[in-house]
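What follows is each chain in one-letter form.
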Amino acid sequence: MTTTLQPQPVLPATTPPPALLPKKRRKGKEYETRTLVSPLSLRTWHGRLIYWTVLVVVVVGFTIAFVFPLYWMVTGALKSPDELAQIPPSFFPKDYDFGVYREAWNQLQLGVFLRNTVLYAGGAWLFTLLVDVTAAYALSKLRPFFGKLILGLMLATLMIPPMVLLLPTYLVAKDVPIFGFNLLNTPWAIWLPAAANGFFIFLLKRFFDSIPRELLEAAEIDGASPVRILWSIVLPVSRPILGVVSILSVVTVWKDFVWPLLVLPETDKMSISVGIASLSAQMPQNVLIASLVIASLPTILVFFVFQRSIMAGLTAGSLKG
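Predicted, not measured: the structure shown is a model, and the values here were computed from it.

Procedures and definitions
- Residues numbered from 1 in each chain as written.
- Predicted model: local features only at pLDDT ≥ 70, side-chain atom pairs only at ≥ 80, totals over all residues.
- Heavy atoms only, no water.
- Salt bridge = Lys/Arg side-chain N within 4 Å of Asp/Glu carboxyl O.
- Helix = DSSP H or I, 4+ residues; strand = E, 2+ residues; numbered from the N terminus.
- Buried < 20%, exposed > 50% of the residue type's maximum accessible area, 1.4 Å probe, protein only.
- Expected span 1.5 Å × (residues − 1).
- Contact = heavy atoms within 4.5 Å.
- Phe/Tyr/Trp six-rings, centres within 6.5 Å; stacked < 30°, edge-to-face > 60°.
- Lys NZ or Arg CZ within 6 Å of the ring centre and 35° of its normal.
- 1 Å grid on protein atoms, 1.4 Å probe; cavity = no way out; pocket = protein on both sides within 12 Å on 5 of 7 lines; lining within 4 Å.
- Points joined across faces, edges and corners; volume = space filled by probe spheres on them.
- Nonpolar A, V, L, I, M, F, W, Y, C, P; charged D, E, K, R; others polar.

### Looking at the pattern of salt bridges
1) Next: One pass over the structure, following the stated rule, counts 3 salt bridges.
2) Next: We note a salt bridge from E217 to R213, for which the minimum N-O separation is 3.9 Å. Residue E217 and its partner R213 are both found in helix α10 (residues 213-221); the two are separated by 4 residues, about one turn of the helix.
3) Next: Owing to a relative accessible area of 36%, E217 belongs among the partly exposed residues under this scheme.

Listed below in structure tokens is the structure:
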């Protein structure tokens, strides 16, 4: 009995051996993947040198681009007005005067503006969850007849520049159709427009779509109503995406300027961004920069405390299976 030898396939010169290709495991199976940088190139000293050089340059460059404005703002508040005006500017203040923060707090009435902004952001957060969660749940699980059309119209609003919608929204807030209410100089002028957000509805719907249908059907068999299913099943498993929507809604209201400037013209009703801008003309430049530092601290702290929730919530619901 004779055996014939089968010719072995010859790999191209540019293709590394299969043993050197990175492998991934999925459901008990291994499959080869190709990356932008060949594993063979990383085994050489010049390949590692180029790789780490590019990585360090990119990471350090982006870090400086994002962190340097914050550093310039914090150190600028500690400089004197003359030192701020000198050319070329100094990267480090000569004298560290932390009393400028207390002066900014007292002269610019930051306590009043912060209290107003907390009220506006808290109310906007509550109404955003109430409106957007129920809308996303209805589109994802209740599936109305024109659900896809309604979702498409909501997403179409994201393509319209905000400045285009500014005047119609202002006219609606000034004279609410049918009811005839005037919402100017009231928190409702901030809360209601913030609740209607197509992007938040889209994020929530994508997450709700990833919830197994069998889980909801089991609750329906036990006699649970759609409202009970939403409260007892959907919301507890949706904490990551609810955290993301909450943080984004609060930060959006906190940093908004144009809309509060239009609908809250009274000084005692202004948000912190509008209040600082309205009183900045008669203030020294270092005091103004110190007030900006104080105004930005709450959002920076929120990000550092909840950054893991932000990353987890943005990727939650993106994969199925």
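### Here we look at helix α11 (residues 226-237)
1) Next: Look at α11: 16 Å from first C-alpha to last across 12 residues, which is about the 16 Å you get at 1.5 Å a residue.
2) Next: Among the residues of α11, those classed as buried are I229, L230, I233, V234 and L235.
3) Next: Each element contacted by the buried residues of α11 is listed here: α5 (110-142), α9 (198-209), α10 and α12 (239-255).

### Focus on the packing of aromatic side chains
1) Next: Inspection of every chain in the model, using the stated rule, returns 11 aromatic pairs.
2) Next: On the basis of an interplanar angle of 75° and a centroid distance of 6.5 Å, the ring pair of Y71 and F92 is categorised as edge-to-face. In this pair, Y71 is assigned in helix α2 (residues 45-77) and F92 in the loop between α3 (81-85) and α4 (99-107), connecting sequence segments 21 residues apart.
3) Next: On the basis of relative accessible area, F92 is assigned to the exposed category, the value being 58%.
4) Next: Pairing F127 with W188 gives two aromatic rings, centres 5.4 Å apart and planes at 65°, and the pair type is edge-to-face. Highlighted residues: F127 in helix α5 and W188 in helix α8 (residues 188-195), separated in sequence by 61 residues.
5) Next: Seen from the ring of W72, K79 lies directly overhead, with NZ or CZ sitting 4.4 Å from the centre.

### Regarding the layout of surface pockets
1) Next: When its volume is computed, the largest pocket comes out at roughly 1,100 Å³.
2) Next: Of all the secondary structure elements, the ones that give two or more residues to the lining of the largest pocket are α5, α7 (162-174), α8, α9, α12 and α13 (258-263).
3) Next: In terms of residue class, the lining of the largest pocket is made up of 22 nonpolar, 8 polar and 2 charged.
4) Next: The volume enclosed by the second largest pocket comes to roughly 480 Å³.
5) Next: In this structure, the second largest pocket is lined by 17 residues; those nearest its centre are V251, W254, K255, S296 and T299.
6) Next: In terms of residue count, helix α15 (residues 285-315) provides more of the lining of the second largest pocket than any other element does, 7 residues in total.
7) Next: Class assignment of the residues belonging to the lining of the second largest pocket gives a composition of 12 nonpolar, 4 polar and 1 charged.

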